[in-house]
Amino acid sequence: MVLTDAPRVVALAGGVGGAKLVFGLAQVLPPDRLTVVGNVADDFALYGLHISPDLDTVMYTLAGVANPETGWGLAGDSVQMLEMLARYGEDTWFRLGDRDVATHLLRTHWLAAGLSLTEVTARLAGALGVRQRLLPVTDDPLATMVDTEERGALAFQDYFVRWRWQPTVRDVQFRGAEEARITGAVGEALATAEVIVICPSNPVLSVAPILAAGGMREALRGRRGVCVAVSPFIGGQAVKGPAAKLMPELGLDISPAGVARYYQGLVDGLVVDSADAGQAADMAVPALVTATLMKTDADKARLAREVLGWAGSLQR
Ligand code: FO1
(Lines give C-alpha, C1' and ligand atoms only; values in the text may rest on other atoms or scores of the structure.)
Protein backbone atom coordinates (compact mmCIF):
# COMPACT_ATOMS: atom_id res chain seq x y z
CA MET A 1 0.00 0.00 0.00
CA VAL A 2 1.49 3.29 -1.12
CA LEU A 3 1.71 6.04 1.50
CA THR A 4 -0.65 8.95 0.88
CA ASP A 5 0.90 12.46 0.94
CA ALA A 6 4.28 10.68 0.89
CA PRO A 7 7.46 12.60 1.78
CA ARG A 8 10.14 13.33 -0.79
CA VAL A 9 12.76 10.70 0.05
CA VAL A 10 16.41 10.42 -0.98
CA ALA A 11 18.09 7.08 -0.24
CA LEU A 12 21.88 6.68 -0.18
CA ALA A 13 22.58 3.10 -1.21
CA GLY A 14 25.54 0.86 -2.04
CA GLY A 15 25.11 -2.71 -3.16
CA VAL A 16 22.93 -5.63 -2.23
CA GLY A 17 21.99 -4.72 1.36
CA GLY A 18 21.12 -1.15 0.52
CA ALA A 19 19.16 -2.22 -2.55
CA LYS A 20 16.85 -4.31 -0.36
CA LEU A 21 15.68 -1.26 1.58
CA VAL A 22 15.50 0.73 -1.67
CA PHE A 23 13.10 -1.94 -2.93
CA GLY A 24 11.07 -1.58 0.26
CA LEU A 25 10.94 2.21 -0.17
CA ALA A 26 9.85 1.76 -3.79
CA GLN A 27 6.96 -0.41 -2.61
CA VAL A 28 5.61 2.24 -0.21
CA LEU A 29 6.37 5.50 -2.08
CA PRO A 30 5.01 6.89 -5.35
CA PRO A 31 7.91 6.65 -7.85
CA ASP A 32 8.31 10.44 -8.08
CA ARG A 33 8.90 10.60 -4.31
CA LEU A 34 12.00 8.36 -4.31
CA THR A 35 15.47 9.31 -5.51
CA VAL A 36 18.37 6.90 -4.98
CA VAL A 37 21.92 8.25 -4.79
CA GLY A 38 24.22 5.37 -5.69
CA ASN A 39 27.84 4.53 -4.98
CA VAL A 40 30.18 4.63 -7.96
CA ALA A 41 33.47 3.85 -6.24
CA ASP A 42 33.09 0.08 -6.86
CA ASP A 43 33.13 0.84 -10.58
CA PHE A 44 35.42 -1.45 -12.47
CA ALA A 45 37.08 -1.56 -15.87
CA LEU A 46 37.20 -5.07 -17.35
CA TYR A 47 38.24 -5.73 -20.95
CA GLY A 48 37.56 -2.04 -21.59
CA LEU A 49 34.00 -2.21 -20.23
CA HIS A 50 32.88 0.32 -17.60
CA ILE A 51 31.04 -1.73 -14.98
CA SER A 52 29.04 0.02 -12.23
CA PRO A 53 28.06 -2.80 -9.85
CA ASP A 54 26.26 -0.77 -7.19
CA LEU A 55 24.27 1.30 -9.70
CA ASP A 56 23.35 -1.89 -11.58
CA THR A 57 22.28 -3.71 -8.41
CA VAL A 58 19.88 -0.88 -7.52
CA MET A 59 18.68 -0.54 -11.12
CA TYR A 60 18.05 -4.26 -11.61
CA THR A 61 16.38 -4.48 -8.20
CA LEU A 62 13.99 -1.60 -8.94
CA ALA A 63 13.31 -3.10 -12.39
CA GLY A 64 12.50 -6.45 -10.76
CA VAL A 65 15.12 -8.28 -12.83
CA ALA A 66 17.94 -8.73 -10.30
CA ASN A 67 19.25 -12.22 -9.57
CA PRO A 68 17.40 -13.01 -6.31
CA GLU A 69 20.09 -15.40 -5.03
CA THR A 70 23.06 -13.04 -5.35
CA GLY A 71 21.37 -9.62 -5.40
CA TRP A 72 23.65 -8.60 -8.28
CA GLY A 73 23.53 -9.42 -12.00
CA LEU A 74 20.40 -10.46 -13.88
CA ALA A 75 18.00 -13.25 -12.92
CA GLY A 76 18.35 -16.26 -15.23
CA ASP A 77 21.44 -14.91 -16.97
CA SER A 78 23.90 -17.27 -18.71
CA VAL A 79 27.70 -17.29 -18.71
CA GLN A 80 28.59 -18.51 -22.21
CA MET A 81 30.86 -15.51 -22.78
CA LEU A 82 32.81 -16.40 -19.64
CA GLU A 83 33.07 -20.01 -20.81
CA MET A 84 34.57 -18.84 -24.10
CA LEU A 85 36.96 -16.48 -22.30
CA ALA A 86 38.05 -19.46 -20.15
CA ARG A 87 38.70 -21.44 -23.37
CA TYR A 88 41.08 -18.66 -24.29
CA GLY A 89 42.81 -19.21 -20.95
CA GLU A 90 41.35 -16.22 -19.11
CA ASP A 91 40.78 -16.27 -15.35
CA THR A 92 37.06 -15.46 -15.21
CA TRP A 93 36.88 -14.63 -11.47
CA PHE A 94 34.46 -11.74 -12.08
CA ARG A 95 31.28 -13.51 -13.09
CA LEU A 96 29.78 -11.34 -15.83
CA GLY A 97 26.48 -12.66 -17.19
CA ASP A 98 25.83 -12.56 -20.95
CA ARG A 99 22.83 -10.22 -20.73
CA ASP A 100 24.53 -8.17 -18.02
CA VAL A 101 27.28 -7.41 -20.54
CA ALA A 102 24.75 -5.51 -22.68
CA THR A 103 24.47 -3.00 -19.81
CA HIS A 104 28.22 -2.50 -19.67
CA LEU A 105 28.57 -2.34 -23.47
CA LEU A 106 25.97 0.44 -23.72
CA ARG A 107 27.34 2.30 -20.68
CA THR A 108 30.83 2.19 -22.15
CA HIS A 109 29.57 3.18 -25.59
CA TRP A 110 27.51 6.14 -24.31
CA LEU A 111 30.27 7.37 -21.98
CA ALA A 112 32.67 7.30 -24.94
CA ALA A 113 30.10 9.33 -26.91
CA GLY A 114 30.33 12.01 -24.19
CA LEU A 115 27.24 11.29 -22.09
CA SER A 116 27.67 11.61 -18.32
CA LEU A 117 27.26 8.60 -16.05
CA THR A 118 24.10 10.35 -14.79
CA GLU A 119 22.66 10.48 -18.32
CA VAL A 120 23.74 6.91 -19.08
CA THR A 121 22.14 5.64 -15.87
CA ALA A 122 18.88 7.48 -16.61
CA ARG A 123 18.75 5.95 -20.10
CA LEU A 124 19.44 2.40 -18.91
CA ALA A 125 17.06 2.59 -15.93
CA GLY A 126 14.35 4.26 -18.00
CA ALA A 127 14.59 1.55 -20.66
CA LEU A 128 14.13 -1.10 -17.94
CA GLY A 129 10.97 0.67 -16.76
CA VAL A 130 12.45 2.06 -13.55
CA ARG A 131 10.38 5.14 -12.61
CA GLN A 132 12.32 6.23 -9.53
CA ARG A 133 15.35 8.46 -10.10
CA LEU A 134 18.73 6.68 -9.78
CA LEU A 135 21.59 9.17 -9.54
CA PRO A 136 25.29 8.37 -9.38
CA VAL A 137 26.65 10.41 -6.48
CA THR A 138 29.21 11.94 -8.87
CA ASP A 139 30.05 11.88 -12.57
CA ASP A 140 33.72 12.29 -11.69
CA PRO A 141 36.22 9.46 -11.24
CA LEU A 142 36.07 7.98 -7.72
CA ALA A 143 37.52 4.56 -6.84
CA THR A 144 37.71 2.63 -3.59
CA MET A 145 41.21 1.31 -2.96
CA VAL A 146 41.74 -1.23 -0.18
CA ASP A 147 45.22 -1.47 1.38
CA THR A 148 45.75 -4.99 2.74
CA GLU A 149 48.40 -6.75 4.80
CA GLU A 150 48.77 -9.78 2.56
CA ARG A 151 48.33 -8.33 -0.94
CA GLY A 152 49.08 -4.62 -0.64
CA ALA A 153 46.82 -2.08 -2.35
CA LEU A 154 43.87 -3.70 -4.13
CA ALA A 155 41.20 -2.20 -6.36
CA PHE A 156 37.80 -2.80 -4.80
CA GLN A 157 36.63 -5.72 -6.94
CA ASP A 158 39.96 -7.48 -6.53
CA TYR A 159 39.57 -7.20 -2.74
CA PHE A 160 35.87 -8.02 -2.66
CA VAL A 161 35.46 -10.65 -5.39
CA ARG A 162 38.84 -11.98 -6.48
CA TRP A 163 40.21 -12.37 -2.90
CA ARG A 164 36.76 -12.76 -1.37
CA TRP A 165 37.46 -9.96 1.15
CA GLN A 166 39.76 -12.30 3.13
CA PRO A 167 42.90 -10.10 3.10
CA THR A 168 43.37 -8.07 6.31
CA VAL A 169 42.54 -4.45 5.67
CA ARG A 170 44.93 -1.74 6.88
CA ASP A 171 43.30 1.24 5.18
CA VAL A 172 40.55 2.18 2.73
CA GLN A 173 40.95 5.20 0.47
CA PHE A 174 38.75 6.83 -2.15
CA ARG A 175 40.96 7.77 -5.05
CA GLY A 176 39.68 10.95 -6.73
CA ALA A 177 37.76 12.17 -3.68
CA GLU A 178 39.66 15.50 -3.64
CA GLU A 179 38.39 16.38 -7.12
CA ALA A 180 35.07 14.49 -7.31
CA ARG A 181 31.97 16.61 -6.71
CA ILE A 182 28.36 15.57 -6.19
CA THR A 183 26.29 16.24 -9.30
CA GLY A 184 23.85 19.14 -9.51
CA ALA A 185 21.00 16.64 -9.53
CA VAL A 186 22.25 15.05 -6.29
CA GLY A 187 22.68 18.48 -4.63
CA GLU A 188 19.17 19.50 -5.65
CA ALA A 189 17.65 16.18 -4.50
CA LEU A 190 19.30 16.51 -1.07
CA ALA A 191 18.23 20.15 -0.72
CA THR A 192 14.56 19.32 -1.30
CA ALA A 193 14.46 15.95 0.48
CA GLU A 194 12.09 15.70 3.43
CA VAL A 195 13.66 12.39 4.51
CA ILE A 196 17.16 11.14 3.71
CA VAL A 197 17.78 7.46 4.39
CA ILE A 198 21.28 6.00 4.61
CA CYS A 199 20.48 2.39 3.65
CA PRO A 200 22.00 -0.67 5.39
CA SER A 201 25.04 -0.85 3.14
CA ASN A 202 28.60 -1.33 4.32
CA PRO A 203 29.39 1.96 6.12
CA VAL A 204 33.06 1.97 5.04
CA LEU A 205 32.96 0.36 1.60
CA SER A 206 29.61 1.58 0.29
CA VAL A 207 28.40 4.60 2.28
CA ALA A 208 31.73 6.33 3.00
CA PRO A 209 32.57 6.67 -0.73
CA ILE A 210 29.21 8.39 -1.23
CA LEU A 211 30.00 10.73 1.69
CA ALA A 212 33.50 11.32 0.28
CA ALA A 213 32.22 13.04 -2.87
CA GLY A 214 32.83 16.78 -2.56
CA GLY A 215 29.81 18.66 -1.30
CA MET A 216 27.98 15.60 0.04
CA ARG A 217 28.71 16.17 3.72
CA GLU A 218 27.92 19.87 3.36
CA ALA A 219 24.65 19.00 1.62
CA LEU A 220 23.72 16.62 4.43
CA ARG A 221 24.64 19.17 7.10
CA GLY A 222 22.59 21.84 5.32
CA ARG A 223 19.64 19.50 4.84
CA ARG A 224 16.10 20.72 5.22
CA GLY A 225 14.73 17.30 6.09
CA VAL A 226 15.51 14.54 8.55
CA CYS A 227 18.34 12.09 7.92
CA VAL A 228 18.29 8.59 9.37
CA ALA A 229 20.62 5.61 8.89
CA VAL A 230 19.82 1.91 9.11
CA SER A 231 22.56 -0.14 10.72
CA PRO A 232 23.69 -3.06 8.53
CA PHE A 233 24.64 -5.07 11.62
CA ILE A 234 22.50 -7.48 13.64
CA GLY A 235 23.94 -8.71 16.92
CA GLY A 236 27.48 -7.75 15.96
CA GLN A 237 27.27 -9.58 12.65
CA ALA A 238 26.88 -8.29 9.12
CA VAL A 239 23.90 -9.71 7.25
CA LYS A 240 26.18 -10.18 4.23
CA GLY A 241 29.67 -9.21 3.12
CA PRO A 242 32.82 -7.97 4.85
CA ALA A 243 31.55 -5.10 7.05
CA ALA A 244 31.78 -6.95 10.40
CA LYS A 245 35.32 -8.16 9.55
CA LEU A 246 36.57 -4.96 7.93
CA MET A 247 35.44 -2.37 10.47
CA PRO A 248 37.20 -3.98 13.49
CA GLU A 249 40.31 -4.30 11.26
CA LEU A 250 40.11 -0.52 10.91
CA GLY A 251 39.53 -0.07 14.65
CA LEU A 252 35.89 0.85 14.14
CA ASP A 253 33.18 -0.32 16.54
CA ILE A 254 30.23 -2.04 14.88
CA SER A 255 27.86 -1.67 17.86
CA PRO A 256 24.89 0.67 17.42
CA ALA A 257 26.84 3.33 19.34
CA GLY A 258 29.80 2.73 17.02
CA VAL A 259 27.70 3.10 13.88
CA ALA A 260 26.05 6.23 15.32
CA ARG A 261 29.56 7.64 15.95
CA TYR A 262 30.59 6.76 12.40
CA TYR A 263 27.68 8.81 11.04
CA GLN A 264 28.11 11.51 13.69
CA GLY A 265 26.80 14.91 12.73
CA LEU A 266 25.04 13.53 9.65
CA VAL A 267 22.08 11.64 11.06
CA ASP A 268 19.17 12.53 13.33
CA GLY A 269 18.56 8.90 14.26
CA LEU A 270 19.72 5.33 13.76
CA VAL A 271 17.61 2.23 13.10
CA VAL A 272 18.96 -0.82 14.92
CA ASP A 273 17.82 -4.42 15.11
CA SER A 274 15.89 -5.77 18.09
CA ALA A 275 18.92 -8.00 18.81
CA ASP A 276 20.79 -4.79 19.73
CA ALA A 277 18.00 -3.20 21.76
CA GLY A 278 20.15 -3.28 24.91
CA GLN A 279 22.75 -1.01 23.34
CA ALA A 280 20.33 1.44 21.78
CA ALA A 281 20.21 3.41 25.02
CA ASP A 282 23.85 4.51 24.98
CA MET A 283 23.66 5.98 21.48
CA ALA A 284 24.23 9.66 20.90
CA VAL A 285 21.14 9.88 18.67
CA PRO A 286 17.56 8.58 18.98
CA ALA A 287 17.10 4.93 17.98
CA LEU A 288 14.32 3.03 16.29
CA VAL A 289 14.57 -0.57 17.47
CA THR A 290 12.88 -3.03 15.11
CA ALA A 291 13.43 -6.15 13.01
CA THR A 292 15.88 -5.04 10.31
CA LEU A 293 16.52 -8.40 8.62
CA MET A 294 14.87 -8.26 5.19
CA LYS A 295 14.23 -11.72 3.79
CA THR A 296 10.97 -11.14 1.92
CA ASP A 297 9.59 -8.26 -0.12
CA ALA A 298 7.05 -7.78 2.68
CA ASP A 299 9.92 -7.39 5.17
CA LYS A 300 11.43 -4.72 2.94
CA ALA A 301 8.17 -2.78 2.65
CA ARG A 302 7.47 -3.06 6.39
CA LEU A 303 10.93 -1.78 7.35
CA ALA A 304 10.64 1.05 4.83
CA ARG A 305 7.25 2.07 6.20
CA GLU A 306 8.51 1.96 9.80
CA VAL A 307 11.63 3.97 8.99
CA LEU A 308 9.66 6.66 7.16
CA GLY A 309 7.03 6.81 9.90
CA TRP A 310 9.71 7.18 12.57
CA ALA A 311 11.70 9.71 10.56
CA GLY A 312 8.56 11.81 10.27
CA SER A 313 8.36 11.91 14.06
CA LEU A 314 11.96 13.10 14.50
CA GLN A 315 12.60 16.81 14.85
CA ARG A 316 15.97 18.15 13.69
N1 FO1 B 1 30.15 -10.24 -6.65
C2 FO1 B 1 30.76 -11.43 -6.37
O3 FO1 B 1 30.91 -11.76 -5.19
N4 FO1 B 1 31.23 -12.24 -7.37
C5 FO1 B 1 31.12 -11.92 -8.67
O6 FO1 B 1 31.57 -12.66 -9.53
C7 FO1 B 1 30.44 -10.68 -9.01
C8 FO1 B 1 30.24 -10.30 -10.33
C9 FO1 B 1 29.50 -9.13 -10.60
C10 FO1 B 1 29.20 -8.76 -11.90
C11 FO1 B 1 28.47 -7.60 -12.16
C12 FO1 B 1 28.04 -6.81 -11.11
O13 FO1 B 1 27.31 -5.68 -11.35
C14 FO1 B 1 28.31 -7.16 -9.78
C15 FO1 B 1 29.06 -8.32 -9.52
N16 FO1 B 1 29.33 -8.71 -8.21
C17 FO1 B 1 29.98 -9.88 -7.94
C18 FO1 B 1 28.90 -7.90 -7.06
C19 FO1 B 1 29.82 -6.73 -6.81
O20 FO1 B 1 31.15 -7.09 -6.66
C21 FO1 B 1 29.31 -6.06 -5.52
O22 FO1 B 1 27.92 -5.99 -5.63
C23 FO1 B 1 29.65 -4.61 -5.30
O24 FO1 B 1 30.73 -4.15 -5.94
C25 FO1 B 1 29.72 -4.40 -3.78
O26 FO1 B 1 28.44 -4.19 -3.32
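Refer to the preceding data block for the structure.
Here the structure is a predicted model, which means the values were calculated and not measured.

Colleague: In this structure, what is going on with the sheet that holds strand β14 (residues 287-290)? I would like to understand it.
Modeller: Strand pairing in a sheet relies on backbone hydrogen bonds. The paired strands run either parallel or antiparallel. An order of β5-β2-β1-β9-β10-β13-β14 is seen for the 7 strands of this open sheet, with the pairing classed as parallel. In the strand order of this sheet, the two ends are held by β5 (133-136) and β14, each with one partner. Within this sheet the neighbouring strands show an average axis-to-axis angle of 20°, counted without direction. Bridging between strand β9 (residues 195-198) and strand β10 (residues 226-230) involves 4 bridges; their strand directions are parallel. Opposite I196, over in β10, you have C227 as the bridge partner. The sheet contacts of helix α13 (residues 297-313) involve β1 (9-13), β9, β10, β13 (269-273) and β14, and relative to β14 the element is tilted by about 155°.

Colleague: Got a minute to help me understand the sheet that holds strand β8 (residues 169-175) in this structure?
Modeller: Here we have 3 strands laid out as an open sheet, ordered β7-β6-β8, and antiparallel in their pairing. On the outer flanks of this sheet lie β7 (152-155) and β8, each paired with one strand and no other. Here the strands of the sheet are splayed against their neighbours by 25° on average, with no regard to which way each runs. Examined bridge by bridge, strand β6 (residues 143-148) and β7 share 4 bridges and lie antiparallel to one another. Residue pairing in the sheet places V146 in a bridge with L154 of β7. Helix α8 (residues 203-212) rests against β6 and β8 of the sheet, and its axis sits at about 35° to β8.

Colleague: Is there a simple way to think about the environment of R87 in this case?
Modeller: Considering the arrangement of structural elements, one finds R87 in helix α3 (residues 80-87). Residues R87 and T168, spaced 81 residues apart in sequence, show a C-alpha to C-alpha distance of 33 Å.

Colleague: So what exactly am I meant to see when it comes to the site of the ligand here?
Modeller: For the ligand, the set of nearby residues contains 13 residues, the closest of which are D42, D54, F94, R95 and Q157. Contact distances for the ligand include 3.0 Å between an oxygen atom and a side-chain N or O atom of D54. In the complex, the protein chains occlude 91% of the 530 Å² of accessible area that the ligand would expose alone. Sorting the residues of the shell around the ligand by element identifies α2 (53-63) and α6 (156-162) as the ones contributing at least two each. Counting residues per element, the shell around the ligand draws most heavily on α6, which supplies 4 residues. Residues belonging to the shell around the ligand are distributed by class as follows: 7 nonpolar, 2 polar and 4 charged.

Conventions we followed
Residues numbered from 1 in each chain as written. Predicted model: local features only at pLDDT ≥ 70, side-chain atom pairs only at ≥ 80, totals over all residues. Heavy atoms only, no water. Pairing = 2+ DSSP bridges. Helix = DSSP H or I, 4+ residues; strand = E, 2+ residues; numbered from the N terminus. Axes fitted to C-alpha atoms, helices over the stretch in contact; angles between N-to-C directions. Contact = heavy atoms within 4.5 Å. Near = heavy atom within 4 Å. Polar contact = N/O pair within 3.5 Å; in protein donor to acceptor, adjacent residues only side chain to side chain. Areas by Shrake-Rupley, 256 points an atom, 1.4 Å probe, with all protein chains shown as cover. Nonpolar A, V, L, I, M, F, W, Y, C, P; charged D, E, K, R; others polar.

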